[in-house]
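Chain by chain, the residues run as shown.
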Amino acid sequence: MGTLRDLQYALQEKIEELRQRDALIDELELELDQKDELIQKLQNELDKYRSVIRPATQQAQQQSAGTLQGEQRTKRQAISAEPTAFDIQDLSHVTLPFYPKSPQSKELIKEAILDNDFMKNLELSQIQEIVDCMYPVEYGKDSCIIKEGDVGSLVYVMEDGKVEVTKEGVKLCTMGPGKVFGELAILYNCTRTATVKSKIIFFNLDVE
C-alpha cells in the first residue's frame, strides 16, 4: 500500500507540474502576442519615418541639377492628389474626375508612384486612375504645403521645384521633382507626420 500511495503522490506532483507548465505557456503566449502587437506598431512608425527620410539618400544626386534649375527658372511644378476614399486599394470602385495633362506630367506621376514604397504595389489600372484625376495647383515660395499634426487629405507628387521636409522643427531632407509626399496620412488615416514647405515657387497637381 505504501508503494501505491507513493505512486499516487508522485502522479499528483506530475499533474501539478503540468498545470504549472500550462499556466507558464499561457503567460508566455500572452506576452508574445503583446510583443507582436508592439512590433507591428513600431514597424508602422518605422515605415512612416522611412517614407519621409528616404528621399534624403537621393538628395545628393538631384542637388546639382535642382540648384541649376532654380537659378534658371522663376516657377516650379509639383503634383498632388486627394483620394475620394481612404483605402487606395478600393480606388477601382470609386468614380474619379479626369483632368487632362501633358504626356510628360502623366509619365512623371506614374514613375513617382512606382518609386514610392507605399504605393508601388497598386494595380496599373489604379495608378492610371490616380494619374488621370490629378490637377495642377500653384504654390509660392516658402508656402507651407503640409503641416505636421494636421489632418491630411492630399497626396502630392513633385513635378518641378524643391520642398524642405522638417519634423519637430528639425530638417530631415530636401526633395526635388518626381517624389510623392503626403501619402502616409491618407494610407494610414493619421495626422501629418512632418511639415513640408516650398523652397522655390512651383505648381501642384491635386486630386479631388
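Identification of the protein as cAMP-dependent protein kinase type II-alpha regulatory subunit from Aquila chrysaetos chrysaetos is taken from an unreviewed UniProt entry. UniProt annotates the protein under Function (unreviewed entry) with the comment "Regulatory subunit of the cAMP-dependent protein kinases involved in cAMP signaling in cells. Type II regulatory chains mediate membrane association by binding to anchoring proteins, including the MAP2 kinase." The annotation that UniProt attaches to the protein under Sequence similarities (unreviewed entry) is "Belongs to the cAMP-dependent kinase regulatory chain family."

On to helix H3 (residues 103–114). If you check H3, its first and last C-alpha atoms are 17 Å apart, about what twelve residues at 1.5 Å a residue would give, namely 16 Å. Among all positions of H3, only Ser105, Ile109, Ala112 and Ile113 are buried. When H3 is viewed along its axis, its buried side chains cluster within an angular range of 100° and face the same direction. The outward face of H3, more than 90 degrees from its buried face, is lined by the exposed residues Pro103 and Gln104.

Residue position: Lys179 is located in the loop between strand S7 (170–175) and strand S8 (180–181). A relative accessible area of 8% means that Lys179 is categorised as buried. Taking the C-alpha atoms as reference points, Lys179 and Ala112, separated by 67 residues in sequence, lie 5.4 Å from one another. One polar contact links Lys179 to Asp115, side chain to side chain, over a distance of 3.0 Å.

Per the stated rule, a full pass over the model turns up seven salt bridges. Of the charged contacts, one joins Glu31 and Lys35 as a salt bridge, the two residues approaching to 3.3 Å between their closest N and O atoms. One end of the pair, Glu31, and the other, Lys35, are both in helix H1 (residues 2–53), four residues apart, so they sit about a helical turn from each other. Using a relative accessible area of 35% as the deciding quantity, one classes Glu31 as partly exposed. In this structure Lys35 comes out as partly exposed when scored by relative accessible area, which is 47%. Note that Lys171 is salt-bridged to Glu164, the shortest N-O span being 3.8 Å.

A few words on a negative patch on the surface. Together, Asp22, Asp26, Glu27, Glu29, Asp33 and Asp36 line one region of the surface with negative charge. Relative to the helices and strands, Asp22 resides in helix H1.

Here is what the cut-offs are and how they apply
Residues numbered from 1 in each chain as written. Predicted model: local features only at pLDDT ≥ 70, side-chain atom pairs only at ≥ 80, totals over all residues. Heavy atoms only, no water. UniProt positions renumbered as here; feature names shortened; annotations may be inferred. Helix = DSSP H or I, 4+ residues; strand = E, 2+ residues; numbered from the N terminus. Expected span 1.5 Å × (residues − 1). Buried < 20%, exposed > 50% of the residue type's maximum accessible area, 1.4 Å probe, protein only. Arc of directions from axis to C-beta. Polar contact = N/O pair within 3.5 Å; in protein donor to acceptor, adjacent residues only side chain to side chain. Salt bridge = Lys/Arg side-chain N within 4 Å of Asp/Glu carboxyl O. Patch = residues over 30% accessible without salt bridge, like charges linked within 9 Å, V, L, I, M, F, W, Y side chains within 5 Å. Areas by Shrake-Rupley, 256 points an atom, 1.4 Å probe, with all protein chains shown as cover. Lys, Arg positive; Asp, Glu negative; His and termini not counted. Charge placed at Lys NZ, Arg CZ, Asp CG, Glu CD.

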